[in-house]
Amino acid sequence: MSAEGHPEGFTPVRLTAADLPCVSALEAAHGWPTAGSATQLAATLNDEACVVVGLMAGEALAGYAVVVRLPFEAELQAILVDDAWRGRGLARRLLTTVVAQARVWSSERLLLEVRAGNAPAIALYRGAGFREDGIRRGYYAPRPDPAQSPPTATPRQAGAAGGDDAREDALLMSLPLAAEEPASG
């Protein structure tokens, strides 16, 4: 596939368990403390209720997103773009693909949670029409290596004085997908 440095040069592809090494490598390169083991990530890649979509730069994975089908909604569980490809609209392309998948499933809403200090992601989601639904105080553990992935805004912190061990809040957001029903009356 072509990778001309803009989203049009990337074709979204559905990733499978065969892509586990490149997904794991991308996460490791960004210091993502995966929620589970390689076995759990492989299970996600094989789960019929999940779609893991990737954007390839030649043979390398430039970014990926995970969306899960719920009974009436869908949830964006992860989105990651390699630093080398940031600023080129790839996250927006992945998000557009995730929204399209949720619509294929006839989901009523697309849900997500994001670190309160992740200003670029929050701006992406707001720009796509997501609205804030609430906050989970102290939801995220502190980042393992703040020098590698610094927050771009001051995160809201739970606990005392926001020390190094303070947990970061999660911002809950959603995008309505179902057509509004006309009011009866």
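Scroll up a little and you will see the structure.
Residues numbered from 1 in each chain as written. Predicted model: local features only at pLDDT ≥ 70, side-chain atom pairs only at ≥ 80, totals over all residues. Heavy atoms only, no water.

Draft legend 1. Structural detail: the environment of Glu113. Mapped onto the elements of the fold, Glu113 is located in strand 5 (residues 109–115). Residues Glu113 and Arg136, 23 residues apart in the sequence, show an inter-C-alpha distance of 8.9 Å. Residues within four places of Glu113 in sequence aside, it is in contact with Arg136, Tyr139, Tyr140, Ala170, Leu171 and Leu172. Within the structure, the side chain of Glu113 is placed 2.5 Å from the side chain of Arg136, a separation counted as a polar contact. Within polar-contact distance, the side chain of Glu113 engages the side chain of Tyr139 at 3.2 Å. (Helix = DSSP H or I, 4+ residues; strand = E, 2+ residues; numbered from the N terminus. Contact = heavy atoms within 4.5 Å. Polar contact = N/O pair within 3.5 Å; in protein donor to acceptor, adjacent residues only side chain to side chain.)

Draft legend 2. Looking closely at the nonpolar core. Judged by nonpolar contacts, the single largest core of 32 residues is most densely connected at Leu76, Leu110, Val114, Tyr125 and Phe130. Taken together, the elements giving at least two residues each to this core come down to strand 2 (50–57), strand 3 (60–69), strand 4 (74–81), helix 3 (90–104), strand 5, helix 4 (119–127) and strand 7 (168–176). Residue contributions to this core peak at six residues, all from helix 3. When sequence neighbours within four positions are dropped, the list of residues in contact with Val114 reads Ala121, Ile122, Tyr125, Tyr140, Asp169, Ala170, Leu171 and Met173. In this structure, Val23, Leu26, Val68 and Ala78 belong to the second largest nonpolar core, which totals 16 residues. (Core = buried A, V, L, I, M, F, W, Y, C linked by side-chain atoms within 4.5 Å. Buried < 20%, exposed > 50% of the residue type's maximum accessible area, 1.4 Å probe, protein only.)

Draft legend 3. The side chain of Asp169, seen in detail. With respect to the helices and strands, Asp169 occurs in strand 7. Asp169 gets classed as buried once you look at its relative accessible area, which sits at 0%. For Asp169, the side chain forms a polar contact with the side chain of Arg137, separated by 2.8 Å.

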